[in-house]
Amino acid sequence: MTVREMLESDIPAVCEIEKECFTAEAWSEESFSYRIGKPQFISLVAVEADEVVGYIAATEISDEQYLDSLAVRADYRGQGVATSLMKAAFSQKKSVFLEVRESNMAAISLYKKLGFTEYAIRKSYYDNPTENAIMMRTE
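## Digging into helix α3 (residues 81-89)
An α-helix turns once every 3.6 residues. As a result, residues three or four positions apart point the same way. The set of residues buried in α3 consists of V81, A82, T83, L85, M86 and A89. If you follow the buried residues of α3, they end up packed against β1 (2-5), β2 (41-48), β3 (51-61), β4 (64-72) and α4 (105-113).

What follows is the structure, given as structure tokens:
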């Protein structure tokens, strides 16, 4: 598996993964396309056998980075894809912030393994279903 910059040609596959993972909250092709080539955005894909199997979208603001979206195809979960994407996106020594559904134990476990700590709760942050967000960060 390799991790590389997202290309316009990757966006249909990225959107399929997005819909598989996030259903009602899925980003549009336009949302991903807008980010490509802009220096404040990090847009990477994980590729295996010429197929996109995961992606990460993040934003850089000054000395901070924000995880906007991370998803891996169901048949590639548990194989280190998300870890590789996180390490590639956040290799610089900057503070990184994210929100995660409080029921998403797999993601919370991954983030803790990568050194994130919980610092706040956002009540009713997510829709479909309504759920709190755990806010996490690295130091």
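Now that the structure has been shown, the text picks up again.
## As for the sheet that holds strand β7 (residues 131-137)
Judged by pairing direction, the sheet is mixed, and its 7 strands sit side by side in the order β1-β2-β3-β4-β5-β7-β6 without closing on themselves. For this open sheet the edge positions go to β1 and β6 (117-126), each flanked by a neighbour on one side alone. Taken pair by pair, the neighbouring strands of this sheet meet at an average axis angle of 25°, ignoring direction. Across 3 bridges, the pairing between β4 and strand β5 (residues 95-101) is parallel. Pairing of Q65 across the sheet is with V96, part of β5. The sheet contacts of helix α1 (residues 11-22) involve β2, β3 and β4, and relative to β3 the element is tilted by about 85°.

## Comments concerning the side chain of N132
Summarising the element assignment, N132 is placed in strand β7. Here the side chain of N132 touches S124 through a polar contact of 2.8 Å, landing on its backbone nitrogen.

## Re the environment of I17
In this fold, I17 is placed in helix α1. For I17 and S28, which are 11 residues apart along the polypeptide, the C-alpha to C-alpha distance reads 12 Å. Beyond its immediate chain neighbours, meaning those up to four positions away, I17 contacts V52, V53, G54, Y55, A71, V72 and R73.

## Comments concerning the pairing of β2
With 7 of its 8 residues buried, β2 lies for the most part within the structure. Examined bridge by bridge, β1 and β2 share 4 bridges and lie antiparallel to one another. Note that in β2 the partner of T2 across the bridge is V47. As judged from the 8 bridges shared by β2 and β3, these two strands associate in the antiparallel manner. Within the sheet, the bridge partner assigned to A46 lies in β3 and is G54. Where β2 folds back onto β3 in an antiparallel hairpin, the turn is made up of 2 residues, including A49, whose phi is positive at roughly 50°.

The rules we used
Residues numbered from 1 in each chain as written. Predicted model: local features only at pLDDT ≥ 70, side-chain atom pairs only at ≥ 80, totals over all residues. Heavy atoms only, no water. Buried < 20%, exposed > 50% of the residue type's maximum accessible area, 1.4 Å probe, protein only. Helix = DSSP H or I, 4+ residues; strand = E, 2+ residues; numbered from the N terminus. Contact = heavy atoms within 4.5 Å. Pairing = 2+ DSSP bridges. Axes fitted to C-alpha atoms, helices over the stretch in contact; angles between N-to-C directions. Polar contact = N/O pair within 3.5 Å; in protein donor to acceptor, adjacent residues only side chain to side chain.

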